[in-house]
Structure formats: C-alpha cells, structure tokens
Amino acid sequence: MSYVLVLNSGSSSIKFQIVDPQASASDTPFVSGLVEQIGEPKGNIRIKIEGREVGSTMPIRDHRGGLQLAIAMLDANGVGPTQMHIIAVGHRVVHGGQTFGEPVLIDDSVVDQIRELIPLAPLHNPANIDGIDVARALLPDIPHVAVFDTGFFGDLPDGAAHYAIDDDLAREHQIRRYGFHGTSHEFVSSQVPELIGQSQEETNQIVLHIGNGASISAVRGGKPVDTSMGLTPLEGLVMGTRSGDIDPGVIFHLYRTAGMSIDDIDDLLNRRSGLKGLAGVNDFREINARIADGDKKAKLAYDVYVHRLRRYIGAYMIGLGRVDAITFTAGVGENAAQVRADALANLEGFGIKLDPAKNEEGSGARIISADDSATKVLVVPTNEELAIAQKSAAIAG
Ligand code: ADP
C-alpha cells in the first residue's frame, strides 16, 4: 500500500496525516496528528494511529523541532516515513497568488516563488514555507508537492475577481479576489453531481464550507464563478474569529478615532471578531449552548451569522440563474442542523425545501431536501487531506 504524508503548517502548529490516496472520503486516515503551541513554554504533540492515541507535552522550539518530534514518534510506533511506503509529502499552501493554480512539485525555485507571495498572505505563507523547508530537509528522498488553497479559483470570471479600485494600483500590488478553501470546494462540488444524478457539466451549485473559517462558492459545470473570500481569507461570511465583510470605513474609523494601529486592527478583524467578537466564544457548539441558556450576545452572533449566509446564498442563486444543489460542509455545515434549516428557511417560493427529518438525522454524504424540492440540498463531508493526498500522488507519479 502507498501513502502520502499530508502536512498543514500553521504559525504555531503542524497538522499531519498519513493518508492512502485511494481511500474513500469517509475513511478515517491511517495516522493523524497535531503538534501545537510551537515556540511556547509548553508544547504538545498528539498522534492517532488507527484509533490509538499517543502523545506528550514538552517545549517545542520551532517547526523543525516539531516535525522531528513527530517523525520520531511515528518511527517509535512503527509508522515512520521510512517504515511506510510514502510516495509523496503533500503540503497545504494557503496563497498561490497569480503564480500557482494547479499543484506543483516543489523545488528551490518553487519555494522562492511561494516566498515572493508572502506580502499577499503574511499570516499564512511564512508558516507554510517553514513546514516545506523542514520537511524537505528531513525527508529529502521523497517528492514534495504544494497544493494551493487558492488554486481552484484561479479562473474566476473578471466580474467576480476584481475589486472596484484603481486598476493600475491593483495590478501593481496583485490586488484581486483569489478565494480560499479551494481544495474543499473542489472536493465537495465534484461529488455532488453523482449524488443528485446529474452530469458535472449540467450542474449549477452552491457550496457552503462553514467551519472555523467559512466561505461559500458558486460553481457552474465544475468551474467556480464566484466565492466569498477575496485577497485574503478575511472577506465574506462571519467566521469563528474573523469578521467577514465589513465596510472598509470601519478600519479608517478605528484608526482615526480609536487610536488603533493597523496591526491592532488586523488582529481585531482576524482573531477577535466574528462569533468570538460578538459572543465571546468562537465554537458554534458553545454558541448554541449559550442561546439555550438565554444568552442575548450568543443569539445576536447567531443572527448575524445566519443573515450573512442568506445574503450570499441569495446573491449566488441570482448569479447562477438556476441552482441544482446547495451543499453544506465542514464543522458547522456538517453538524449544525439548525444553521442549515435557518439558512434556507422560507425559500419554498424559490424551489428550496428541506426535509426536517432528513436534516436532523443521518451521517455521511446525503440529500436532506424534500423529494419535491427543485433544488437539492445536501450535506457532504469535506476531506481536504484526502484531496491533497490524491493531488500529490497524481503529481509524484
Ligand atoms: P476548521 O475551519 O478549523 O477546519 P472545522 O471545519 O473543523 O474547522 O469546524 C470547526 C467548528 O465546527 C467548531 O469550531 C465548531 O464551532 C463547529 N462544530 C463542530 N461540531 C459541531 C456541532 N455538533 N454543532 C455545531 N457546530 C459544530
């Protein structure tokens, strides 16, 4: 059996999985693990190997130390990269800019080009590059592949891809709408046509990837025609800690009247806004629990969240003209039946009707709309790691 080691390096964490690229979407990965609190006094590593969990707590100085530790722990449990038949290391890279669409085999020049894109993704690409550098040094004999979160959206139509600002300035600074979560939108949207008994070419669909980060896309015949994230993953839907859309005037106002620096405002909108900003917590389960206890802030957060979802769903219905399927995925989309019901409430006049029992029950990829709903509504679990493994295996040959 051949496997792919999938790496997702964040600023203070490394998530990894050892995945059989032939597995089906619902299979649990052979190995999954997390190194977290890198650079902090107390680091933490946890690895799940076929359901069994191992781990330890210790200071982890940097990404190199984190990955070394992970590899040593995998080795000690008989599933190290040299003990398994690993055919590729697949790296999730957040921003491919206008340089990268499709996944690429990594060499020094690819790393340099990803480095050049740091101004577009200052919060994400540096950590991705750290992960790539360390993994290439530790596993030099295995092909490394970069899979870009922006990739799926490389050909957005002009109307959806541009901001209405000075075009020369935008071009000079590569300011345009890139879109993110592309691996997930592609993976989920590619499964929908078969589930509703249509060909991909004739399917118009909307995909809601709503987890901690959240985005929505409109896909026609397998090609995205709009998406809610833009230059950065900050635009669009309300998220766990990100504001999503706001009037840019709010930024000027905070700068001029609240005396906040640009970095303060960046931190506010990316890490202290969204559900967390409105209700104090970013986990949707906690929002629901607090609403049940009568917490008004949690209810406000929920209402803003659902209002934004409906605004985008409406816009994308008009953009597509006819919608064959609306699909929910990721942590909230797959698990929060009430959010699905509220996002699509009272749309029978538009041919969208949920089946309440199907919405509440079941698991895995499934249709949750009523039999007479013209637009099918689905839940399709995403599996970005499997998608990265498949793409990496295809490139590494
Ligand atoms: P990420 O964007 O970090 O990959 P996920 O897609 O895993 O996030 O989604 C995580 C979020 O999903 C959690 O923060 C939580 O709010 C939400 N979630 C998970 N399970 C449930 C549930 N049963 N009900 C409501 N929300 C849930």
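If you're wondering where the values come from, they're calculated on a predicted model, not measured in any experiment.

**Overview of the side chain of R308**
No. 1: The topology assignment puts R308 in helix α11 (residues 296-320).
No. 2: In this structure, R308 is buried with no salt-bridge partner, the nearest side chain bearing the opposite charge being D245 at 4.7 Å.
No. 3: Once residues within four sequence positions are removed from consideration, R308 is found in contact with G236, L237, V238, S243, G244 and D245.

**Section: the site of the ligand**
No. 1: Taken together, the neighbourhood of the ligand is formed by G211, N212, G213, D283, F284, R285, A330, G331, V332, N335 and A336.
No. 2: Contact distances for the ligand include 3.0 Å between an oxygen atom and a backbone N or O atom of N212.
No. 3: Summarising the interface, the protein chains cover 68% of the accessible area of the ligand, which totals 590 Å² for the free molecule.
No. 4: For the shell around the ligand, the secondary structure elements donating two or more residues are α10 (284-292) and α12 (330-335).
No. 5: Of all the elements, α12 adds the most residues to the shell around the ligand, at four residues.
No. 6: For the shell around the ligand, the residue count by class is four nonpolar, five polar and two charged.

**Section: the nonpolar core**
No. 1: Ranked by internal contacts, the top residues of the largest apolar core, which has 43 residues, are I206, I210, Y305, I326, V339 and L344.
No. 2: The element best represented in this core is α11, accounting for eleven residues.
No. 3: Ignoring sequence-local partners within four residues, the contact set of I326 consists of I206, L208, I313, L344, I352, T375, K376, V377 and L378.
No. 4: Counting 29 residues, the second-largest nonpolar core is a separate cluster that includes F16, L67, L74 and V134.

**A look at the sheet that holds strand β9 (residues 204-210)**
Two strands in a sheet stick together by hydrogen bonds in their backbones, pointing the same way (parallel) or opposite ways (antiparallel).
No. 1: As summarised here, the arrangement of the six strands in space is β11-β10-β9-β12-β14-β13, forming an open sheet in which the pairing is mixed. Two strands bound the open sheet, and with one partner strand each, they are β11 (223-227) and β13 (366-367).
No. 2: Against the sheet, helix α6 (residues 182-195) makes contact with β9, β10 (214-220), β12 (325-329), β13 and β14 (376-379), and its axis sits at roughly 135 degrees relative to β9, the strand it touches most.
No. 3: Its contacts with the sheet place α11 against β9, β10, β11 and β12, and it is angled at close to 160 degrees to β9.

**Side note on the packing of α6 against helix α15 (residues 384-396)**
No. 1: Orientation of α6 relative to α15, taken along the N-to-C sense of each, is 90 degrees, at an axis distance of 9 Å. Taken together, the axes of α6 and α15 lie roughly perpendicular to each other. Between α6 and α15, the residues in contact are T183, S184, E186 and F187 and E384, L386, A387, I388, Q390 and K391, respectively.

**Section: the UniProt feature "site: Transition state stabilizer" (unreviewed entry) in the protein**
No. 1: Per the UniProt record, "site: Transition state stabilizer" (unreviewed entry) is annotated on H181 and R242.
No. 2: Structurally, H181 is set in the loop between α5 (167-172) and α6.
No. 3: Once residues within four sequence positions are removed from consideration, H181 is found in contact with R92, D149, F153, H209, G213, A214, S215, M229 and E384.
No. 4: For R242, the position within the fold is in the loop between β11 and α7 (249-257).
No. 5: When near neighbours in sequence (up to four residues on either side) are disregarded, R242 contacts G213, M229, P233, L234, L269, N270, S273 and G274.

**Concerning unusual backbone geometry**
No. 1: Here Q174, not a glycine, exhibits a phi torsion of approximately 55 degrees, which is positive.
No. 2: By the element assignment, Q174 lies in the loop between α5 and α6.
No. 3: Positive phi is not limited to glycine here, since N346 has a value of about 60 degrees.
No. 4: With respect to the helices and strands, the residue N346 is situated in the loop between α13 (337-343) and α14 (356-360).

**Quick notes on the pairing of strand β6 (residues 86-93)**
No. 1: Of all eight residues in β6, seven are buried, a share of seventy percent or more.
No. 2: As defined by bridge partners, strand β1 (residues 3-9) adjoins β6 across five bridges and the pair is classed as parallel. For L7, the partnering residue across the bridge sits in β6 and is H91.

**Some details on the pattern of salt bridges**
No. 1: Summed over the entire model, instances satisfying the criterion amount to 18 salt bridges.
No. 2: Among the ionic pairs, D133 bridges to R115, the shortest N-O distance being 3.4 Å. Separated by 18 residues along the polypeptide, D133 in helix α3 (residues 125-138) and R115 in helix α2 (residues 108-116) bring together distant segments of the chain.
No. 3: Measuring nitrogen to oxygen at the nearest pair gives 3.3 Å for the salt bridge that ties R177 to E235. In this pair, R177 is assigned in the loop between α5 and α6 and E235 in the loop between β11 and α7, connecting sequence segments 58 residues apart.
No. 4: Under the relative-accessibility criterion, R177 is labelled buried at 7%.
No. 5: Overlapping salt bridges bring together R92, D149 and E384 as one network.

Thresholds applied
Residues numbered from 1 in each chain as written. Predicted model: local features only at pLDDT ≥ 70, side-chain atom pairs only at ≥ 80, totals over all residues. Heavy atoms only, no water. Helix = DSSP H or I, 4+ residues; strand = E, 2+ residues; numbered from the N terminus. Buried < 20%, exposed > 50% of the residue type's maximum accessible area, 1.4 Å probe, protein only. Lys, Arg positive; Asp, Glu negative; His and termini not counted. Salt bridge = Lys/Arg side-chain N within 4 Å of Asp/Glu carboxyl O. Contact = heavy atoms within 4.5 Å. Near = heavy atom within 4 Å. Polar contact = N/O pair within 3.5 Å; in protein donor to acceptor, adjacent residues only side chain to side chain. Areas by Shrake-Rupley, 256 points an atom, 1.4 Å probe, with all protein chains shown as cover. Nonpolar A, V, L, I, M, F, W, Y, C, P; charged D, E, K, R; others polar. Core = buried A, V, L, I, M, F, W, Y, C linked by side-chain atoms within 4.5 Å. Pairing = 2+ DSSP bridges. Axes fitted to C-alpha atoms, helices over the stretch in contact; angles between N-to-C directions. Parallel < 35°, antiparallel > 145°, perpendicular 65-115°, else oblique. UniProt positions renumbered as here; feature names shortened; annotations may be inferred.

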